[in-house]
Amino acid sequence: MERLRVTFSHLSGVDTPGDAPNLVTTAAAAKRFPDSADDVVIVSARRTPIAKGNRGSFKETFPDDLLVPVFQAVLKDSKVAPEDVQDICVGNVGDPRPAVSARTGQFFSGIPETTPIHSVNRQCSSGLQACMNIAGAIKTGQIDLGIGAGVESMTMHRNTSALAPLNPAVFEHDLARQVLIPMGMTSENVAEKYGITREEQDQFALLSQQRAGRAQQTGAFDKEIVPVTTKLTDKDGNEQTVTVAKDEGIRPTTLERLLKLKPAFKEGGSTTAGNSSQVSDGAAAVLMARRSEASRRGLRVFGVVRGYAVVGCPPDIMGIGPAVAIPELLKKTGLTIDDIDVFEINEAFASQAYYTVRKLGIPSEKVNPLGGAIALGHPLGCTGARQIATLLHELERRGKRAFGVVSMCMGTGMGAACLIEYPGPA
């Protein structure tokens, strides 16, 4: 982490929110983050649709097959040859053979064996951490161009946690024992500790669904999504080919309907299926390069990685992770909440996302403007890379230089946050 802190302490800037730029802030940001040939730039960021876990369109699709369309899409977008990719990192949480799935997905995509690949598991931040691993490799001169990605088939790998024996000593250590608390109960802990009501959680969930529904209807996700053609077996046992082009978790609802749902994790609790993230399957990939390499190849700069922070927090309230990681990121980069146009904060549970927004004083309109994981789903290892794709395409639609933050909580008690600049139209 110290290496990453030093690495990203040199990174770049943007306009303030609103229709007209704040020239003082813009000038300060430009001075703080001058463009450098060594900047880590994002060239392309794409994702699959997110399918419902266990019963959705990807329930028979292997994780390596989910990686293929996103690997191919970012290369096609940038016209980069597969053999020119110098390293790949894939985030994943539940796959018992993540290194194998990553490598076979690479080969299925046409990326040759000369390109190395590795996998990483930082819980719900795995997709973001994969991108930061590649960014760090670029910044420290190990490579000039690489892919950070994330994939999760929660359908196929939902029972892997029971495969390995657990150290009995865990039960004799308070913090270690807290690591075993089910995520739904940590949501209940956050709600109780910080006085977040059931109605506040359901209102937050309703807004996520409404925003995602509107975004889907207006085609806001179309440029980031890569349609996936896969196989499904129907109720009669017949295999059929389907092409999935839209997220499956978005559904119309009302506050009244959400309030009627029963607590999912604790009798008398406030966390329900309606105000929690969905079990999902999906993948995303982000192609990154050194700015000088992107310039040499004539690649557009879609985004610039300007900072990254990971902070630990108590495992029993792990959901507050973004509320501790975002301030650390802003401290490192010298920015404030006002300097950020869009915050993509993962909605593991409405309780923790709502707490983060309230604690940090982030205006609601800046948070997940296209909805979040309550509506879209949360394929664990995919989410961080998916958020980067959603963030950059949203900033591109807005059409001006801007900052965005991607952040999430993590099981075992951590939060991560990444600062990304959209440099404006080319």
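Residues numbered from 1 in each chain as written. Predicted model: local features only at pLDDT ≥ 70, side-chain atom pairs only at ≥ 80, totals over all residues. Heavy atoms only, no water.

Draft legend 1. Molecular detail of the overall build of the chain. The number of helices and strands found in the chain is 14 helices and 12 strands. Expressed as lengths along the three principal axes of its C-alpha atoms, the size of the chain is roughly 60 × 55 × 50 Å. By the burial criterion, 58% of the 426 residues in the chain qualify as buried. Within the chain, residue pairs in contact and separated by at least 24 positions form 80% of the contacts whose partners lie at least 6 positions apart. (Helix = DSSP H or I, 4+ residues; strand = E, 2+ residues; numbered from the N terminus. Buried < 20%, exposed > 50% of the residue type's maximum accessible area, 1.4 Å probe, protein only. Contact = heavy atoms within 4.5 Å.)

Draft legend 2. Quick peek at the nonpolar core. If you look at the biggest cluster of nonpolar residues, it comprises 38 residues, and the most contacted ones within it are I42, L128, M132, V286, M288 and I388. Listing elements by their share of this core, those giving two or more residues are β1 (40-47), α5 (126-139), β8 (280-290), β9 (303-312), α14 (383-398), β11 (402-410) and β12 (414-422). When neighbours within four sequence positions are excluded, V286 is seen to be in contact with I42, S44, A45, C131, G146, I147, G148, A385 and I388. By size, the runner-up hydrophobic cluster in this structure holds 34 residues, among which are V41, L67, V80 and L232. (Core = buried A, V, L, I, M, F, W, Y, C linked by side-chain atoms within 4.5 Å.)

Draft legend 3. Representation of the pairing of strand β3 (residues 88-91) in the model. Residues I88 and V90 line one face of β3 and the alternating positions C89 and G91 line the opposite face, and both faces are buried. Both β3 and strand β4 (residues 117-120) contribute to a ladder of 4 bridges, which runs parallel. Following the sheet pairing, I88 is matched in β4 by I117. Running through helix α4 (residues 98-108), the crossover from β3 to the neighbouring parallel element β4 is right-handed. One ladder, built from 4 bridges, connects β3 with strand β5 (residues 145-153); its direction is parallel. Within β5, the position partnered with G91 by the bridge is G150. (Pairing = 2+ DSSP bridges. Right-handed = clockwise from strand over helix to strand, strands pointing away.)

Draft legend 4. Inspection of the packing of helix α7 (residues 183-193) against helix α12 (residues 350-360) at higher detail. Across the interface, α7 lies against α12 with an axial gap of 8 Å and an inter-helix angle of 40°. Overall, the two elements α7 and α12 adopt an arrangement that is oblique. Here the hand of the crossing between α7 and α12 comes out left-handed. The segment α7 lies against α12, with S187, V190 and A191 engaging S351, Q352 and Y355. (Axes fitted to C-alpha atoms, helices over the stretch in contact; angles between N-to-C directions. Parallel < 35°, antiparallel > 145°, perpendicular 65-115°, else oblique. Left-handed = near helix turned anticlockwise from the far one by under 90°.)

Draft legend 5. Broad picture of the packing of aromatic side chains. Evaluated as defined, the whole model comprises 4 aromatic pairs. Judged by centre distance (6.4 Å) and plane angle (90°), the rings of F302 and Y422 are edge-to-face. Residue F302 is located in the loop between α10 (291-297) and β9, and its partner Y422 is located in strand β12; the two are separated by 120 residues in the primary sequence. Take F302: its relative accessible area is 1%, and that puts it in the buried class. In this structure, R47 is placed above the aromatic ring of F221, and the distance from its NZ or CZ to the ring centre is 5.2 Å. (Phe/Tyr/Trp six-rings, centres within 6.5 Å; stacked < 30°, edge-to-face > 60°. Lys NZ or Arg CZ within 6 Å of the ring centre and 35° of its normal.)

Draft legend 6. Structural context of unusual backbone geometry. Look at K79: it is not a glycine, yet its phi comes out positive at around 60°. Along the chain, the position of K79 falls in the loop between α3 (63-78) and β3. Look at N368: it is not a glycine, yet its phi comes out positive at around 45°. Assignment of secondary structure puts N368 in the loop between α12 and α13 (373-376).

Draft legend 7. Structural context of helix α8 (residues 198-217). Over its 20 residues, α8 runs 28 Å from end to end, which matches the ideal 28 Å to within 8%, given 1.5 Å per residue. What α8 keeps buried is the set R198, Q201, D202, F204, A205, L206, S208, Q209, R211, A212, G213 and A215. Where the residues of α8 are buried, they touch α7, α9 (255-259), α12 and α13. Note on α8: the residue one or two positions beyond its end, G219, has a positive phi of about 80°. (Expected span 1.5 Å × (residues − 1).)

Draft legend 8. Summary view of α12. For α12, a buried count of 8 out of 11 residues is recorded, marking the element as mostly surrounded by other parts of the structure. Restricting attention to buried positions, one finds in α12 the residues A350, S351, Q352, A353, Y355, T356, V357 and L360. Structurally, α12 contributes buried residues whose contacts are with α7, α8, α11 (321-333), β10 (342-345), α13 and β11. Of the residues one or two after α12, G361 is the one with positive phi, at around 70°.

Draft legend 9. Geometry of the packing of α11 against α12. The interhelical angle for the contact between α11 and α12, taken along N-to-C directions, is 40°, at an axis separation of 8 Å. With respect to α12, the axis of α11 lies oblique. α11 and α12 meet at a crossing whose hand is right-handed. Seen from α11, the contacting residues are P322, A323, I326 and P327; seen from α12, they are Q352, Y355, T356, K359 and L360.

Draft legend 10. How the structure looks around the pattern of salt bridges. In the structure shown here, the tally under the stated rule is 23 salt bridges. Measuring nitrogen to oxygen at the nearest pair gives 3.0 Å for the salt bridge that ties R177 to D174. Linking R177 with D174, this pair stays in helix α6 (residues 174-178), spanning 3 residues, or about one helical turn. According to the relative accessible area criterion, R177 is partly exposed, its value standing at 37%. Of the residues examined, D174 reaches a relative accessible area of 44% and is grouped as partly exposed. (Salt bridge = Lys/Arg side-chain N within 4 Å of Asp/Glu carboxyl O.)

Draft legend 11. Representation of the side chain of Q201. As for its position among the elements, Q201 is in helix α8. Those residues within four positions of Q201 in sequence are excluded, and the remaining contacts are A191, I196, S270, T271, N275, A350 and S351.

Draft legend 12. Quick look at the environment of G413. Tracing the backbone through its elements, the reader meets G413 in the loop between β11 and β12. A C-alpha to C-alpha distance of 36 Å links G413 and I111, two positions 302 residues apart in sequence.

Draft legend 13. Broad picture of the side chain of T356. In this structure, T356 sits in helix α12. Of the residues examined, T356 reaches a relative accessible area of 0% and is grouped as buried. In contact with T356, not counting residues within four places along its chain, are G319, P322, A323, I326 and I345.

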